[in-house]
Each structure stands twice: as structure tokens, then as C-alpha cells.
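# What the coordinates show
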Amino acid sequence: MADIRHRLRDIGSGLSTGAYLIAVPITVTAVWSRPTSLSYSALHFGLGVVLVLWSYIAVRLAVAVIGEARGRVQTGGIAWLAGAIISMASFLVPTWASAATPSPPKADHSLLALSPISIPVALAAKRRRDELAQLRTVLDEGEIEADIDILRQRNDGFLYALIRLIGESTCGRVTISDHATANVMTTSRPTVVVPVSYHADHWTMAHAQVGTRLDLPPTVTPDDLRRTAIALHPRGRVIVSTSLIETLQALVLRDDEATVVVHAGIEDVDPAIAEKCVVASTSAAPSVVISLLGPTAEIHGLVCPLDSDVRRKCTEMLAYLATHPSTPVSGDRLRTRVLGSRRGDASIRTLNNVASALRRSLGQIDGTPRLLPVGPQGMYRAFDVISDIEQFLTAVEDGLVGDIAVRRATLTRALELIRGEPLSGEPRGYEWFLAEGHLHRVQRSVEKAVVELLEIADATGDTALSWFARDAMRRFDTFHPLATTDEGRLGEFRRDGLGRT
């Protein structure tokens, strides 16, 4: 009841302040020149005092509006009125109202701040030429004009200048001007280049030849890599993979040596495999881990504790972003699927407050917030953050290949991540986890891992391994058939194709 009384008091105060700000200018304008029994000097002095007080309230409201737009937590009638103004503004200028922080400075354009192509036009034209030469298909009528526009940006001089700058270096970074040009140059080995940043008409390019590592900042995701990686050698093609299995498949199925496979998974690859591809390397393993494979969501690695008033919402927002690591998430989706309730979608003010509190607790890495600033499209994305679900899914896929010892060790580490039934102890929220199919994905991977370990235990006579596998399934789902010793049900799962492929 106290919260309701405070809320009603704020609403009443906010409405009164709004009425005051509207009424005073109208009244002063009407009274200023009207004849009265008072002297004009006394009347004008009184009206001037009223206008000074009005200006003070107007300035306070403007400061409150700016604070609300930046996600600062405020209370009182003026704060309520500022939130109402931002909410109404969202219908007219949604991208301004949905931004919890200002866009990154224009002086230093990261990949995230650039247009979707995010690469020099000369490299974009080069990649499109290579793609069209290898596709051997006829484009749709609507695609022809766009592709012609891209191909007309051909600038071989820029490519030659980039090749000259790289020289004999097998991997590293170079900086090149937008206007650089050179005479004919060729590369001796298949080479991949990725734009890293853009500043004052100069691009910083990460480059790597096959058999070396591509040095990338932690903000670059596999999706960014797919969009921006270009083969510098003639008729080259780049395939980006995110798991060991995808890397092996791409290496086996590629048409020729001009196709470069870039391994962007978090796991290391065998040195013999690394010699055949380019390994994308970031600074280190993610610093922040959110654990969802248990009754409650737990965050490890925060710079400072979450604000108690919005702790649950911050945790769920981070959980959603961490389970969509390669895809920026719109503010509208967060307000609808994550922060909303049975009463409706969350307000923009709520989203801004939660995002600001989460950004403070996540902190920064190399001067960049782990919850990235919201750009003009109102998209949210976190980096240097991972969920144990992504760790688990990757480990299970890797654990289905290799010899028995490798499979056993990898799958055992994966199942050790399970603390209990995912999110069963959360009192509310996380409906998206079930509706979007995340729980189903995890369950299928748990079944694959358990079936595989039970087969290894049966082949080696290891009863302890069999008990461990079934216990992991019991932690995940007490009533699951694989949690029992019914060998007949195990046969059914084997026939379903679970286990090693």
C-alpha cells in the first residue's frame, strides 16, 4: 500500500507540475498588458518573479528528462513527468527514447557503430565479385541492380596497397588510408582480412594467412566475422565456423584451397587442423558467466553487485542477451519478452533503468562497457559474457567425436555444469526460455551426452561412469527415463539417433 500511495502522490505532483508549466505562460501573456488598478511596474515585477520560478521548474524538468533518457534512477513528481514525456516521445521519436546511453563518439567508429556492411567499399566489391564468380547461379531481378552498384565500387589500387602493407607478415594488424593505392601486387598464400576499426579516414585491418591466428577484439562476434571477413587472394571465399565439427566439415567439403575456413569457436583445435585453417583469436575467455543450468540464475564475474531494486530484472535481461550471443536484441523485444508481465510490456523507462544498472555492474573491458551502448537502432548486445548453456552445448557437440578417452573427458566436464533443473526455482519470469526452445535444446544435448557416456560405460565396464551419467540426468530431470536403469528405454533413445554421429 505504501508503494501505491507514493506512486499516486508522484502522479498527482507530476500532473500538477505539468499543469503549472502550461498555465503560467498562458496567464502571463494574457495579464501582461491588461489594465489593472496596480501600477504597471508592480504588475510586471510580480509576473517576472512568476516567470523566474517557472524557469527554475522548467530547467529541473529538462534535467530530469535527460536523466531518464540516460537511465538514471529518479523519484518524485518531476521524475514521473519526465518519464511520461519520454514515453510519449517514443511514439514520435522511438530511437531517441529507447537509447539508454548516447551513441559512441563519431571520432572512433567501431564495427558496431558502422553501417551493416562495415567494410571498405573496395573490399565489399572484391568479395561480391568472388561470390558471384563461384555461385554460378542467376540472380533475381531485384538483386541485379544492387549487385551492379557494389561491383562498380571496384578499386584494385586499394587492394594492392593493402597487400603491399601486409607484405611478408603472416598475421597481425595494419592501418590503411581510405585513399591508399598501389600498383599490381599479389599474395603468396590465401589471406583473410577483417576490418577492426575506422578512425580519421584510416582503417585498421586484422589479417591472417592459413595456419595462423586472426587477432580480433572481443567485441567481434561470429556473425560480425561472417559479414566482414574478406579473402584477399584472387577468387577467394571465406567460411566461418563456430564449432570443431563445423570446421572439419568445411575443410572436407570445400571446393579448393582458395576457400579459407575460419574457426571462430571458443575451443582450441588440434595443431594439425589449425595448419589447414585460420583460427580467430580474441583476448581471453569471457570474464562474466551467467549460470542457467540450475534452479536459479547466478552471475559470476560482476564488477559490482546488482542494484537490489532491479536485481531480478537485470539477471533475466543478461540471461536473455547471453543466450543470444551473436544477435543484437531490440529494446522492444526486451520490453515484451523479458521485462514485461501479465499486465503488459515494460515501459521504456523500466528498460533504461534496468540497462543502466546492469551496465554499471558488468563494468568495462579495455574502456568499452560489456553491455554495449545502444545505437540509433535501439539494439542491445553484451560481449565478454557467456552463459553456461552455450558452454554446455558446445562441449557436448565436441564430445561426440574423437577417441573414447577424449569423448569421456569432454562429456563429463559438460555434465558437471548441470546444477539442477534449469530455472525451476525462479518465482517468475523466464517464460521465453521455454517458449523459444532453449530448454528443449538443452534437454536433447543432455540426452545425447548421457546416452554416449552410458555406451562408453557399457563398453568399458565402468559402473561409476554409468552412475555419474544417470545422476546428471536425475539432476536435470528426476523423472526422465534415462535417470533409471531401464536398459530397454536406453535402447529406444539409441534408435532415436542420440549419441555419437
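Note that the structure is a prediction, hence the values are computed from the model and not measured. (Residues numbered from 1 in each chain as written. Predicted model: local features only at pLDDT ≥ 70, side-chain atom pairs only at ≥ 80, totals over all residues. Heavy atoms only, no water.)

## Remarks on the pairing of strand E7 (residues 237-241)
How we decide: Strand pairing is assigned whenever DSSP detects at least two bridges linking the two strands. The helix and strand labels rest on DSSP assignments: H or I over at least four residues marks a helix, E over at least two residues marks a strand, and numbering proceeds from the N terminus. We call a crossover right-handed when, viewed with both strands directed away from the observer, the connection leading from the first strand over the helix to the second proceeds clockwise.
Across five bridges, the pairing between E7 and strand E8 (residues 259-263) is parallel. Bridge pairing in E8 links Ser241 to His263. Handedness of the crossover joining E7 and E8 through helix H9 (residues 244-253): right-handed.

## Some details on helix H18 (residues 463-476)
Heads up, the condition is: In this scheme, a helix's expected span is set at 1.5 Å multiplied by one less than its residue total. Only protein chains enter the area calculation, which uses a 1.4 Å probe; residues under 20% of their type maximum are buried, those over 50% are exposed, and those in between are partly exposed. Any pair of nitrogen or oxygen atoms within 3.5 Å is treated as a polar contact; in protein, a donor-acceptor pairing is required on top of that, and neighbouring residues in sequence qualify only through side-chain atoms on both sides.
Taking 1.5 Å per residue as the helical rise, H18 with its 14 residues ought to reach 20 Å, and the 20 Å between its terminal C-alpha atoms agrees with that figure. Along H18, the residues classified as buried are Leu465, Phe468, Ala469, Arg470, Asp471, Ala472, Met473 and Phe476. The backbone nitrogen of Ala464 lies 3.1 Å from a side-chain oxygen of the residue at the head of H18, namely Asp462.

## A short note on the sheet that holds E7
To keep things clear, this is the line we draw: Orientation is described by axes fitted as lines to C-alpha atoms, over the contacting stretch for helices, and by angles from 0 to 180 degrees between their N-to-C directions. Throughout, a residue-residue contact means that at least one pair of heavy atoms, one from each residue, lies within 4.5 Å.
The four strands lie next to each other as E5-E9-E8-E7, forming an open sheet whose pairing is parallel. With partners counted over all chains shown, the strands left at the sheet margins are strand E5 (213-215) and E7, one partner each. Recorded for the sheet is a direction-independent mean angle of 30° between the axes of neighbouring strands. With two bridges connecting them, E8 and strand E9 (residues 278-281) associate as parallel partners. From the neighbouring strand, His263 faces E9, where its bridge partner is Val279. Packing of H9 onto the sheet brings it into contact with E7 and E8, and relative to E8 it is tilted by some 170°.

## Details of the pairing of strand E3 (residues 191-199)
The buried count for E3 comes to seven of nine residues, which makes it a mostly enclosed element. Inspection of the sheet shows E3 paired to strand E4 (residues 202-209) by eight bridges, in the antiparallel sense. Bridge pairing in E4 links Tyr198 to Trp203. Strand direction decides the pairing type here: E3 and strand E6 (residues 230-231), joined by two bridges, are antiparallel. Paired with Val192 across the two strands is Ala231, which belongs to E6.

Scope: geometric values only; no functional claims are made or implied.
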